[in-house]
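Examining the three-dimensional arrangement
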Amino acid sequence: MVQISSFWISIYLLATNPSRRSGKNIPRKEGAAVNKERHQYDSIKPIQRTTSTSTSSTSSSGGSTTGAAGRQSSGSIKRSNKDYAISDGNNSKRTPASSATQENRRHKGRKRFTRQGTKTIRARAAGGGTNDRDNNLGQLKQDVQPLPPLTTPNSPRPFYYTCRHTYEETLMEEIQKYAMRVEEQTQNDSVGSLTVSSPYPGLVRVEQQNHQRGHQDLLSEYFDPIYALQTMPNAVVVSAASIKGLAKEIMLALLGICDDGNNVDLDHVSTLQRNQLRSACRGSLVVHTIVPGCCKGQPAPTMKYRCDKVGEELIKMLRKIFSAARNAAFDENHGNIVKPPPAAAFATERWLLQVMLQSNTLAVASLTRCKHVGPGHEAYWPNYRMPLGLAKVDIEEKMPSSAYRKLMEALECMAIAPSSSAFVVDLGASPGGWTAVMRRLGCFVVAVDRSEIDPKLMADECVSFVKGDAFTYSPTLLQERSGKKRECWMISDVIAYPDRVTKLLRKWCHMDWASYLVVTMKFQGDSPALDEVERARDIVKSQGYDCRVKHFFNNKNEVTFMISRTKDTARNFTPGVVGVPMYPLCS
């Protein structure tokens, strides 16, 4: 009897096991199935790369590729940087990869310069990159459509407005409605017409056509739309190849100042603003640098670094000529930021220079003297404290609901923070997002709702929960128990029809129950009830209150009413208590 060693037995088992031979975890089969499978894996051959534009399509079910002949392959394997295809066993020819795949592979690993010596511009994903290599001109041309034409002296200047993206149509309708009202009041054909468009999500451009100089404009410089977060009035569009060149062109177009520092009277707007800025107080000018990606709240928008460099060049040029660009609130000896005295809050003028880079070589710039609109002594329009009017109001700890961001945005816009001894009534408080914000500020909160709020807030000694109807609640009993009339806030994010919210505002303002109110009005359908918003605002103002209505970045199909007594609008506000700018100021 012949003895076979264990070594030859293991060799035989390896040779007859298909799963060992192919590297795949395939169960052992017998007979014809084994032969068929062996034939399938033995037919792997390389595909020759071609530059022909043969039509090909990818199947969604099996991921197979169909060539010009209509034949299919069952998959692909990549080995040694070559492309392979697996035959289906029917002796069909192998199909080359799609033209798009070949194009991506052709550019992979290529140099950054072409044969002609020019730099290759590669597309990046939106929001990527924050350095000076953000030369994404091709991507920006696809995003900003179309790029605006350059402005000329003594010609109508465009206006830009920013809003929460996906609400561009609502903002455009509001602007057109305002222009129609102005046209009806003037009854003059010389005012011209408006052309409203949205070149980028969250950005609206307004141009005035056929306007005669000396006549009233359809759009006021300080027009404050409800759905606008920021405005860039009387903007100029300039172009230059370099960062310093863009800064020089902006200085010339906005202020009529040449490279050598000499003044040129290009048009009446630049001459007027140059003279006013010369007499402005020291430290009153703020520079905001933005890009289209900022309108969507992107954390690292494309070309932001380049735009910041343009702003730095502008500040260097402005500080040589205008004292308003020199930081008066900076203590050079100690290196501390000193806040201006609150007593001069209303007397201090604010200037805002905004620069938006829409491509590598094209910039939109606007210079405006901000106007105090209230409520709150730091509530100016345009918003000089927050670029694009965007405040970062995220809280790291877990909150009862995400609706707290709406209240924090409203407080930051008003620039009014409640004192620690304030008495706050939260109508429709459940689940407790707004109550949690007021508790973080140290206020005593009375939460009114039919449903209980968060268990942590229910156990808080400084939170008094009242189970009942938000529209019938009266705070007079609690104020009588306190012994004196305390500072009272009323906040409400209750879900109700707009007319019920109007009645609620009328009741609280007429009874003089609160000094400050922050209330949201929610809408049904796609279009907001702007007529009801104007009606409610007129009622509040008739009761001796300041009122402003805004659609913030965290608002959905709703708007936020910010209300305060006229005599209480000069309260101090410490920046950074509620939120910080989403994008830092240029310095």
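Now for a quick tour of the structure. Note that the structure is a prediction, hence the values are computed from the model and not measured.

Cut-offs applied
- Residues numbered from 1 in each chain as written.
- Predicted model: local features only at pLDDT ≥ 70, side-chain atom pairs only at ≥ 80, totals over all residues.
- Heavy atoms only, no water.
- Pairing = 2+ DSSP bridges.
- Helix = DSSP H or I, 4+ residues; strand = E, 2+ residues; numbered from the N terminus.
- Axes fitted to C-alpha atoms, helices over the stretch in contact; angles between N-to-C directions.
- Salt bridge = Lys/Arg side-chain N within 4 Å of Asp/Glu carboxyl O.
- Buried < 20%, exposed > 50% of the residue type's maximum accessible area, 1.4 Å probe, protein only.
- Parallel < 35°, antiparallel > 145°, perpendicular 65-115°, else oblique.
- Left-handed = near helix turned anticlockwise from the far one by under 90°.
- Contact = heavy atoms within 4.5 Å.
- Nonpolar A, V, L, I, M, F, W, Y, C, P; charged D, E, K, R; others polar.
- Expected span 1.5 Å × (residues − 1).
- Polar contact = N/O pair within 3.5 Å; in protein donor to acceptor, adjacent residues only side chain to side chain.

1. Quick word on the sheet that holds strand β14 (residues 351-359)
With mixed pairing, the four strands of this open sheet are ordered in space as β10-β15-β14-β11. The two strands at the open ends of the sheet, each matched to only one other strand, are β10 (236-239) and β11 (285-290). Taking the axes of each pair of neighbouring strands and ignoring which way they run, one obtains an average angle of 20° across the sheet. Of the pairings in the sheet, the one linking β10 to strand β15 (residues 362-369) comprises four bridges and is antiparallel in character. Following the sheet pairing, V238 is matched in β15 by A363.

2. Some points on the pattern of salt bridges
In the structure shown here, the tally under the stated rule is 22 salt bridges. The partner of E397 in a salt bridge is R440, and the shortest N-O contact between them spans 3.0 Å. With E397 in the loop between β18 (391-392) and α10 (404-414) and R440 in helix α11 (residues 433-440), this residue pair connects regions lying 43 residues apart in the sequence. The exposure class of R440 is partly exposed, given its relative accessible area of 48%. A salt bridge links R565 to D512; the shortest N-O distance between them is 2.4 Å. Within this pair, whereas R565 is found in strand β25 (residues 558-565), its partner D512 is found in the loop between α14 (498-511) and β23 (516-522), the two being separated by 53 residues in sequence. The class of R565 is buried, set by a relative accessible area of 11%. Via salt bridges that share partners, K406, D493, K522 and E558 belong to a single interconnected network.

3. Digging into the packing of α10 against α11
Following both chains from N to C, one finds α10 and α11 inclined at 45°, their axes separated by 7 Å at the closest point. As summarised for this structure, α10 and α11 are arranged oblique, according to the angle between their axes. The chirality of how α10 crosses α11 is right-handed. Within the contact between the two elements, α10 uses Y404, K406, L407 and M408 and α11 uses G433, W434, V437 and M438. Across the contact of α10 with α11, the residue classes tally to six nonpolar, one polar and one charged.

4. Section: helix α7 (residues 243-255)
Here α7 spans 18 Å end to end across 13 residues, near enough to the 18 Å set by a 1.5 Å rise per residue. Where α7 is concerned, the buried positions are G245, L246, A247, I250, M251, A253, L254 and L255. Where the residues of α7 are buried, they touch β10, α8 (268-278), α9 (304-321), β14 and β15. One side-chain oxygen of the residue at the start of α7 lies 3.0 Å from the amide nitrogen of G245, identifying that residue as S242. Just downstream of α7, G256 is the residue with a positive phi angle, here 65°.

Read these as geometric descriptors, not functional statements.
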